[in-house]
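# Topology and contacts: notes
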Amino acid sequence: MSVDRVEETVGAQVTEAVTTEAGATAVQYYSVAPGVRVNVRSGPGTNYTVVRVLSEGAKVPIYCQSPGTTVTGPYGTTNIWDNINNGQYVSDAYVNTGSDGYIRPRCS
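Residues numbered from 1 in each chain as written. Predicted model: local features only at pLDDT ≥ 70, side-chain atom pairs only at ≥ 80, totals over all residues. Heavy atoms only, no water.

### A look at the overall build of the protein chain
Put simply, the test is: Under the DSSP-based scheme used, a helix requires at least four consecutive residues in state H or I and a strand at least two consecutive residues in state E, with every element numbered from the N terminus. For the exposure calls, accessible area comes from a 1.4 Å probe over protein chains only, and a residue counts as buried if that area is under 20% of its type's maximum, exposed if over 50%, partly exposed in between. For this analysis, residues touch if any pair of their heavy atoms sits within 4.5 Å. Using the Shrake-Rupley algorithm and a 1.4 Å probe, accessible areas are obtained, with residue cover drawn only from the displayed protein chains.
Helix and strand counts for the protein chain stand at zero helices and nine strands. Tracing the protein chain from N to C terminus, the helices and strands come up as β-β-β-β-β-β-β-β-β. Counting across all 108 residues of the protein chain, residues that qualify as buried make up 38%. Restricting to contacts in the protein chain with at least 6 residues of sequence separation, those with at least 24 account for 38%. Carbon and sulfur atoms make up 46% of the accessible area of the protein chain, which totals about 6100 Å².

Here it is, written out as structure tokens:
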């Protein structure tokens, strides 16, 4: 399968257009809460292993979202976890999505 990527800055958001044989989709990048280093976990919950830590000012794509451990952070209290890469999740309480609900499909 071939994958082509094109990045474009739109206002403060960065949009990455990903084109594959299956079709085209745009992945939007979202800011992590300012002044915070966020744990990236191997699954949607605080009981999963920390696989890395995002630096302050990081921007992340959200490919899908899953319910998991409830977390309170700068953007409220939620049980939504954002999949930012294969096997990598961050609590939506630390990501400025502009919504208190799901903004992407649920992970399968």
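Read on, since the account is not over.
### Concerning the nonpolar core
As a reminder, the rule being used: Here the nonpolar core consists of buried residues drawn from Ala, Val, Leu, Ile, Met, Phe, Trp, Tyr and Cys, with membership extended through side-chain atoms lying within 4.5 Å.
Of all hydrophobic cores here, the largest spans 13 residues; its most connected members are Val 32, Val 38, Leu 54, Val 60, Ile 84, Val 90 and Val 95. If we ignore the near neighbours within four places in the chain, the residues touching Val 60 are Gln 28, Tyr 29, Tyr 30, Val 32, Leu 54, Ile 84 and Val 95. Cys 64, Trp 81, Tyr 89 and Cys 107 belong to the second largest nonpolar core, which has six residues in total.

### Remarks on the confidence of the model for the protein chain
We count it as follows: A residue's pLDDT is simply how confident the predictor is in it, with values from 0 to 100.
For the protein chain, per-residue confidence averages 84 on the pLDDT scale, and residues scoring 70 or more make up 77% of the total. Predicted confidence for residues 1-23 stays below pLDDT 50, and this span has 46 contacts to residues more than four positions away or in other chains.

### Digging into the pairing of strand E9 (residues 88-91)
Stated formally: For two strands to count as paired, DSSP must find a minimum of two bridges between them.
Residues Gln 88 and Val 90 of E9 are buried on one face, and the alternating residues Tyr 89 and Ser 91, pointing to the opposite face, are buried as well. Note that strand E8 (residues 76-85) and E9 share four bridges and pair antiparallel. Paired with Asn 83 across the two strands is Tyr 89, which belongs to E9.

### Thoughts on the side chain of Asp 82
Filter applied, for reference: Only four residue types enter the charge count: Lys and Arg as positive, Asp and Glu as negative, with His and the chain ends excluded. A pair is scored as a salt bridge if a Lys or Arg side-chain nitrogen falls within 4 Å of a carboxyl oxygen belonging to Asp or Glu. Counting of polar contacts relies on pairs of N or O atoms within 3.5 Å, with two restrictions inside protein: one atom must be capable of donating a hydrogen and the other of accepting it, and residues adjacent in sequence are counted only when both atoms are side-chain atoms.
Mapped onto the fold, Asp 82 is located in strand E8. An unpaired buried charge is present at Asp 82: no salt bridge exists, and Arg 104, the closest side chain of opposite charge, is 8.9 Å distant. Only 2.7 Å separates the side chain of Asp 82 from the side chain of Gln 65, close enough to count as a polar contact. Sequence-distant contacts of Asp 82, defined by excluding residues within four places in its chain, comprise Ile 62, Cys 64, Gln 65, Gln 88, Tyr 89, Val 90, Ser 91, Asp 92 and Val 95.

### Here's the deal with the environment of Ile 103
Turning to its location among the elements, Ile 103 is positioned in the segment after E9. Here the alpha-carbon distance between Ile 103 and Cys 64, two residues 39 residues apart in the chain, equals 8.4 Å. For Ile 103, the residues in contact, after removing those within four places along its chain, are Tyr 30, Ile 62, Gln 65 and Thr 97.

### Regarding the side chain of Thr 97
Positionally, Thr 97 belongs in the segment after E9. With residues near it in sequence (within four places) discarded, Thr 97 still touches Tyr 30, Ile 62, Asp 92 and Ile 103.

### Thoughts on the environment of Ile 84
Tracing the backbone shows Ile 84 in strand E8. The class for Ile 84 is buried, based on a relative accessible area of 4%. For Ile 84 and Val 40, which are 44 residues apart along the polypeptide, the C-alpha to C-alpha distance reads 8.7 Å. If near-sequence neighbours (up to four positions away) are discounted, Ile 84 is found in contact with Val 40, Arg 52, Leu 54, Val 60, Pro 61, Tyr 63 and Val 90.

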